[in-house]
Amino acid sequence: MKPRVTLALLALALLHHAPPTYAAEPAPQAVTVSAAWARATPPGMAVAAVYLTLRGGPRADRLVGAATSRAAMAQIHVVSAAAGMAQMRPTEGVDVPARESVALAPQGTHIMLMDLPQPLVAGERFPLTLQFEQAGKIDVSVEVRAPGTAPPSAH
Ligand SMILES: [Cu+2]
């Protein structure tokens with residue numbers, strides 16, 4: 001045999017297979033989360049909505065919950081049009097199909113933060129933990145944006 005070659009191959013194998021559990025189990029973060037943001041809240045307003053984009057990994061997953069230290073409660077809400085009015089209500093989960101993007105965006109599904117002890121201030125970031133059926137907990141950083149999309153007539 002050629003010991004040097006064997007060692008080199010062994011080193012390569014170790015590099016490429018560390019940590020070894022990856023080979024048998026799905027990646028711990030099967031879902032990726034990006035562009036998490038919320039609008040700044042005016043003083044006295046105790047609710048806010050978080051929007052973000054979910055990208056499915058090799059396997060389908062499901063967002064089933066959220067939590068943050070910035071709010072007493074966080075719920076996943078879906079929006080439906082009933083009798084000409086947009087209404088939101090809690091939902092038990094949001095499906096994230098494999099390798100597909102799911103956008104939580106204004107006028108649609110969002111993560112509702114309730115009982116904010118302090119307003120969200122434009123420019124700050126706060127942590128949000130998302131709970132998935134398969135991927136478990138994923139921590140994200142939510143960017144707080146100024147409510148700058150209001151039309152001029154709002155002034
Ligand atoms: Cu809501």
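In the block above lies the structure referred to throughout.
Each value, and the rule that gives it
- Residues numbered from 1 in each chain as written.
- Predicted model: local features only at pLDDT ≥ 70, side-chain atom pairs only at ≥ 80, totals over all residues.
- Buried ≥ 20, exposed ≤ 12 C-beta atoms within 10 Å, placed from the backbone.
- Helix = DSSP H or I, 4+ residues; strand = E, 2+ residues; numbered from the N terminus.
- Contact = placed C-beta atoms within 7 Å.

A.B. asks: Looking at this structure, how should I read unusual backbone geometry?
C.D. replies: Outside of glycine, negative phi angles account for most residues, and trans bonds account for most peptide bonds. One non-glycine residue, R99, adopts positive backbone phi at about 60°. On the neighbour-count criterion, R99 (11 C-beta atoms within 10 Å) is exposed. For Q107, which is not glycine, the phi dihedral falls at a positive 75°. Mapped onto the fold, Q107 is located in the loop between β7 (101–104) and β8 (110–114).

A.B. asks: Looking at this structure, I do not really get the environment of R125. What am I missing?
C.D. replies: With respect to the helices and strands, R125 occurs in strand β9 (residues 125–132). For R125 and S141, which are 16 residues apart along the polypeptide, the C-alpha to C-alpha distance reads 6.2 Å. Setting aside chain neighbours within four positions, we find R125 in contact with S141, V142, E143 and V144.

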